[in-house]
Amino acid sequence: MTAYDVYLATPVLRDVEAFLPDLARGMQQHPPAAVLLRLADAPDAELIKHIQTIQSVVHAQDIALMLEDRPALAARTGCDGVHLSTGFAEASVKDVRKQIGDDLQLGVSVGGSRDAAMRAGEAGADYISFSTAIPVVPAEGEAPESLTDLVRWWCLVMELPAVVEVEEPAQIAAFEEVGADFIQPGPAFWENPSLWP
């Protein structure tokens with residue numbers, strides 16, 4: 001039994017139907033607490049169809065569905081929350097919180113920035129997502145630290161859950177050890193879910 005929950009993130013999808021077998025296999029191998037849906041740009045009507053297709057599969061297993069960077073659509077389609085990616089303007093965390101209210105979860109990717117993590121928490125995030133794919137940004141006047149040190153500090157000092165996106169299965173143990181609440185396997189997960197612990 002692991003000390004963390006799995007949080008799966010889809011690739012950026014254009015063809016949702018074609019991804020369904022991969023999603024089913026990934027969810028069966030590693031039953032997640034939540035699935036983050038990433039969608040390529042398309043007209044709203046098409047996006048809503050995509051969301052509903054994935055939602056029927058995810059919600060049928062009592063798993064939360066988060067939608068990346070589209071707060072209005074998340075609220076409109078009954079998703080469980082919104083996840084703001086690193087590229088999404090930091091200033092918008094407060095605006096998105098207001099837009100979705102308190103009923104939906106709000107997650108924010110901060111890469112490896114302690115400062116961005118603290119600001120996102122203050123602005124109303126429900127969880128913070130760190131990534132091994134982005135270099136750690138030391139706070140002003142602070143010595144550089146590793147991402148494991150940053151996550152350890154966050155888990156000791158802050159109440160908001162920490163999600164860590166890892167690129168390789170071998171990285172999981174270190175983040176489990178420092179108390180990460182959720183592990184999000186990187187894109188390579190979908191190629192072979194059975195390789196992940």
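Check the entry above for the structure.
Residues numbered from 1 in each chain as written. Predicted model: local features only at pLDDT ≥ 70, side-chain atom pairs only at ≥ 80, totals over all residues. Heavy atoms only, no water.

Asks: Quick question: what am I supposed to make of the overall build of the protein here?
Replies: Looking only at helices and strands, one finds 7 helices and 9 strands in the protein. In summary, the protein has a C-alpha radius of gyration of 16 Å against a globular reference of 16 Å for 197 residues, a match within 12%. With the C-alpha coordinates aligned to their principal axes, the bounding extent of the protein is approximately 50 × 40 × 25 Å. Considering the protein as a whole, with its 197 residues, one finds that 47% of them fall into the buried category. The long-range share in the protein, meaning contacts at least 24 apart out of those at least 6 apart in sequence, stands at 59%. With an accessible surface of roughly 9600 Å², the protein has 51% of that area assigned to carbon and sulfur atoms. Taking the average location of the 12 positive side-chain charges in the protein and that of its 30 negative ones, the two points are 6 Å from each other. (Helix = DSSP H or I, 4+ residues; strand = E, 2+ residues; numbered from the N terminus. Rg over C-alpha atoms; globule rule 2.2 N^0.38 Å. Buried < 20%, exposed > 50% of the residue type's maximum accessible area, 1.4 Å probe, protein only. Contact = heavy atoms within 4.5 Å. Areas by Shrake-Rupley, 256 points an atom, 1.4 Å probe, with all protein chains shown as cover. Lys, Arg positive; Asp, Glu negative; His and termini not counted. Charge placed at Lys NZ, Arg CZ, Asp CG, Glu CD.)

Asks: In this structure, what is going on with the packing of helix α1 (residues 16–29) against helix α2 (residues 44–60)? I would like to understand it.
Replies: If you want to describe how two helices pack, look at the angle between their axes and the distance between the axes. The N-to-C vectors of α1 and α2 enclose an angle of 25 degrees; their axes lie 11 Å apart at closest approach. With respect to α2, the axis of α1 lies roughly parallel. Remark: the crossing between α1 and α2 carries right-handed chirality. Packed against α1, whose contacting residues are Val16, Glu17, Leu20, Leu23 and Met27, the element α2 presents His50, Thr53, Ile54, Val57 and Val58 at the interface. A breakdown of the residues in the contact of α1 with α2 according to their chemical character gives 7 nonpolar, 2 polar and 1 charged. (Axes fitted to C-alpha atoms, helices over the stretch in contact; angles between N-to-C directions. Parallel < 35°, antiparallel > 145°, perpendicular 65-115°, else oblique. Left-handed = near helix turned anticlockwise from the far one by under 90°. Nonpolar A, V, L, I, M, F, W, Y, C, P; charged D, E, K, R; others polar.)

Asks: Quick question: what am I supposed to make of the packing of aromatic side chains here?
Replies: To describe a pair of aromatic rings, you give the distance between the ring centres and the angle between the ring planes. According to the stated counting rule, one finds 7 aromatic pairs in the structure shown. Measuring from ring centre to ring centre gives 6.0 Å for Phe189 and Trp196, while their planes differ by 70 degrees; the resulting arrangement is edge-to-face. On the basis of relative accessibility, which here comes to 1%, the residue Phe189 falls in the buried class. Classification of Trp196 as buried rests on a relative accessible area of 6%. Clustering of aromatic rings is evident, with ring pairs tying together Phe19, Phe189, Trp190 and Trp196. Lying across the ring of Trp153, Arg114 places its NZ or CZ 3.9 Å from the centre. (Phe/Tyr/Trp six-rings, centres within 6.5 Å; stacked < 30°, edge-to-face > 60°. Lys NZ or Arg CZ within 6 Å of the ring centre and 35° of its normal.)

Asks: What is the right way to read the pairing of strand β2 (residues 34–39) from this model?
Replies: In the case of a regular strand, side chains alternate between the two sheet surfaces. Where burial is concerned, most of β2 is hidden: 6 out of the 6 residues are buried. Residues of β2 alternate between two faces, with Ala34, Leu36 and Arg38 on one and Val35, Leu37 and Leu39 on the opposite face, all of them buried. Sheet topology places strand β1 (residues 5–13) next to β2; 5 bridges connect them, and they run parallel. Bridge assignment links Leu8 to a residue of β2, and that residue is Val35. Regarding the hand of the β-α-β motif, the stretch spanning β1, α1 and β2 is right-handed. Where β2 meets strand β3 (residues 64–68), 4 bridges bridge the pair, whose relative direction is parallel. Bridge pairing links Val35 to Leu65 in β3. (Pairing = 2+ DSSP bridges. Right-handed = clockwise from strand over helix to strand, strands pointing away.)

Keep in mind these values describe shape, not function.
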